[in-house]
Structure formats: structure tokens, C-alpha cells
Amino acid sequence: LAALDSMDGQRAAALARVREVLAKSPKEVSALLLEAELLRADRKRDEALAAVNAAQAADPRSAAAHVLAGRIYAESDRIEDARREYEESLKLDSRPIIADLELARIYLVSGDTDKALAFAQQALGHTHRRAWVRGNACREMAGLSISRPGGTTRETRPQASARLR
């Protein structure tokens, strides 16, 4: 019910329902993650991190908890912490596509285009499961030099812009 309240834009009601569940079952990982997501949406990042840390303590093998922690850290400009959490999520479960995309973004911004490209291509490898990934991964790779079939390479946007000046 809390998830439905959240989808209807009633985050306060959703948070109240989640906290009712957590009062009875304080280590319920799905409830802790929903609480963290609701708090993140309300920009209460410290409280959200506390909830996601509780979820990680309750289930250290939860890739979803690490992905959510990564998102919260990224939104708080704690990029190294975000990178660490996304990488940990992929160690636990190679399927969190969002982790691949966010790592591609982090490495692209930090200038490590080889790692950025590797994570973006890894996300593209998951497209058979989720079609929306192709567009997101392609946007991440837009600033990178991408190999085409036959070994040719497309110029990156910065290279093309510099050539035109």
C-alpha cells in the first residue's frame, strides 16, 4: 500500500505506512529501501542514508541497497562514495543496469573514458532485458569515442568541435 501511495504522489502517507511496517519489523529490507527512497525524494539525504545503511546491515548482499546508496551519494556530490556503492552492487549482482549507467557517467565526468565506455557497453549488453537502457547508455557514450563495426571510430563531440574551430 505504501508503494501505491508513493506512486500516487502521496509520499507522506507512504512514509507513514512504511514506518508502521518498520515499527513491527525493523529489519524488513524492502520497507527500509522504500523508506530510504521516499526520504531521498524529499531530499532528506541524511535520513535516507540512515535507512539504506540499516537495509545494508539487515542484508549485506542487497545489491539494491548499494544502488540506492550510490544514488543518494551522487545527489550529495559524494562521487567517490557513489562510485564505491555502485561497484559494490555490481559485485553482488551484475544485473543492476542503473549501476552500470551511473558508473559510466562518473568515469566520464572524471575523465576516465576507457572505464566509462566499458560500463556503458556493459549496460548495452543488458538491453535484451530492458529496452530503455539502450537510450540511456547511448547518451552516456555520446561524448566517447565509440568503435563501429569494421574497426572505424567515430569522433567524440569535443574532438569534432575542436576540429571545426
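Residues numbered from 1 in each chain as written. Predicted model: local features only at pLDDT ≥ 70, side-chain atom pairs only at ≥ 80, totals over all residues. Heavy atoms only, no water.

## So, the pattern of salt bridges
Thought 1: This structure, assessed with the given rule, holds 12 salt bridges.
Thought 2: Across the pair E37 and R40 runs a salt bridge whose closest N-O atoms are separated by 2.5 Å. Here E37 pairs with R40, and both are found in helix α3 (residues 29–41), just 3 residues apart, close to one helical turn.
Thought 3: R45 is the salt-bridge partner of E75, the closest N and O atoms lying 3.8 Å from each other. Taken together, the residues E75 in helix α5 (residues 63–75) and R45 in helix α4 (residues 45–58) connect sequence positions 30 residues apart.
Thought 4: Within the structure, one salt-bridge network assembled from shared partners comprises E37, R40, R45 and E75. (Salt bridge = Lys/Arg side-chain N within 4 Å of Asp/Glu carboxyl O. Helix = DSSP H or I, 4+ residues; strand = E, 2+ residues; numbered from the N terminus.)

## Here's the deal with α3
Thought 1: Taking 1.5 Å per residue as the helical rise, α3 with its 13 residues ought to reach 18 Å, and the 18 Å between its terminal C-alpha atoms agrees with that figure.
Thought 2: Among the residues making up α3, those that are buried are V29, A31, L32, L33, E35, A36, L38, L39 and R40.
Thought 3: The positive-phi residue at the C-terminal boundary of α3 is R43, with phi of around 60 degrees. (Expected span 1.5 Å × (residues − 1). Buried < 20%, exposed > 50% of the residue type's maximum accessible area, 1.4 Å probe, protein only.)

## Details of the environment of R95
Thought 1: When you line up the elements, R95 lands in the loop between α6 (79–92) and α7 (97–110).
Thought 2: Residue classification places R95 among the partly exposed positions, given a relative accessible area of 48%.
Thought 3: When the C-alpha atoms of R95 and A123 are compared, they prove to be 8.8 Å apart, with 28 residues separating the residues in sequence.

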